[in-house]
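Structural overview for review
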2 protein chains.
Amino acid sequence: MDAPNVSTCVITPEREALVRDILGRIADKWTLLVIDALEGEDAVRFSALRQRVGGVSQKMLTKTLRQLERDGLVARHVHPVVPPRVEYRLTALGESLGAAVCSIWVWAGDNIASVEEARRTYDGGMPGK
Amino acid sequence: MDAPNVSTCVITPEREALVRDILGRIADKWTLLVIDALEGEDAVRFSALRQRVGGVSQKMLTKTLRQLERDGLVARHVHPVVPPRVEYRLTALGESLGAAVCSIWVWAGDNIASVEEARRTYDGGMPGK
DNA sequence: CCGCATCCTGTCGGATACTG
DNA sequence: CAGTATCCGACAGGATGCGG
């Protein structure tokens, strides 16, 4: 049973729940940054990844990577050497998500001015608070 | 030449911060659902919107709508009558975001099976927990 | 070097009661 | 009906220390 051609944005309750779940995950503050940091790279070590993302604690990076690994978006490869050497890379699935998310990036970049102006207008009209 | 100039998805530090901000907002559990509930409609009343989204508390719906209004994504129209009648509708900016977000929806719908299978595999390999 | 466990704090978000 | 205010539990997420 192949997925039918989804040219339009048709939302079913089932999908809504799943999308809600996935969306909640990709937006947990670090996931998208990690995906972005892995995009276009072959394999990135944990430390390098942490520097690349910037500002992420080791705890959250680990957690984020585990989730991504669980969802099949990132592959984790442990080199059995000492000191430990662990590398991460995007799977095909992960890259496809990165591509999909790219449209949001583009939208944001394209509409920064509009959003900021709307905020200024809104905040300006509410001086008291 | 440090970064290989990828054709479409070029990310600058400035944009990254902005996108981080916007992304954090569109993913705050309700925003996308609200946008989706408003998409294709002309004007929706508060109560109708609440039913349409489903499961959202009145507090969070109000908060979400205020943020969307502030960012210029949603227009709020108050009818000066009693009982109060407040209607919301997407602005052009809001609709454009909805269109951009659609690609994520499509991706999710298109990859539900892959993600779920990856999760089952991952969880299956970790029986203890 | 990588990752886990623990502690601690701020924020998110639901339930409820009240106002216009 | 629409919105605000308050209380409260749950959890995200940072800092630190240990272990392999």
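Quick note: structure is the one above.
Analysis parameters
- Residues numbered from 1 in each chain as written.
- Chains lettered and ligands numbered in written order.
- Predicted model: local features only at pLDDT ≥ 70, side-chain atom pairs only at ≥ 80, totals over all residues.
- Heavy atoms only, no water.
- Near = heavy atom within 4 Å.
- Polar contact = N/O pair within 3.5 Å; in protein donor to acceptor, adjacent residues only side chain to side chain.
- Helix = DSSP H or I, 4+ residues; strand = E, 2+ residues; numbered from the N terminus.
- Pairing = 2+ DSSP bridges.
- Contact = heavy atoms within 4.5 Å.
- Axes fitted to C-alpha atoms, helices over the stretch in contact; angles between N-to-C directions.
- Parallel < 35°, antiparallel > 145°, perpendicular 65-115°, else oblique.
- Left-handed = near helix turned anticlockwise from the far one by under 90°.

Let's talk about the protein's contact with DNA strand D
In the vicinity of DNA strand D there are 20 residues, among which A:Lys59, B:Phe46, B:Ser47, B:Gln58 and B:Arg76 approach most closely. Counting only the atoms of DNA strand D within 4 Å of the protein, the fraction contributed by sugar and phosphate is 59%. The contact in question runs from a base oxygen of DNA strand D to an N or O atom on the side chain of A:Lys59, over 2.3 Å. Sorting the residues of the surface near DNA strand D by element identifies helix H4 (58-70) of chain A together with helix H3 (46-53), helix H4 (58-70) and strand E3 (85-90) of chain B as the ones contributing at least two each. Per element, the largest residue contribution to the surface near DNA strand D is four residues, and it comes from H4(B).

Description of the sheet that holds E3(B)
Residue and element names in this part refer to chain B. In space, the three strands of this open sheet follow the order E1-E3-E2, with antiparallel pairing throughout. Across the chains shown, the open sheet's two edge strands, defined by having one partner strand only, are strand E1 (44-45) and strand E2 (74-79). As judged from the two bridges shared by E1 and E3, these two strands associate in the antiparallel manner. Looking across to E3, one finds that valine 44 is bridged to tyrosine 88. Across the face of the sheet, H4 comes into contact with E2 and E3 while running at roughly 115° to E2.

Some words on the packing of helix H2 (residues 31-38) of chain B against H3(B)
All names here are of chain B. Relative orientation of the contacting elements H2 and H3 amounts to 115°, with a least axis distance of 9 Å. Here H3 runs roughly perpendicular to H2, going by the angle between their axes. Relative to H3, H2 is oriented so that their crossing is right-handed. Of H3, the residues touching H2 (which contributes Leu33, Val34, Ala37 and Leu38) are Leu49, Arg52 and Val53.

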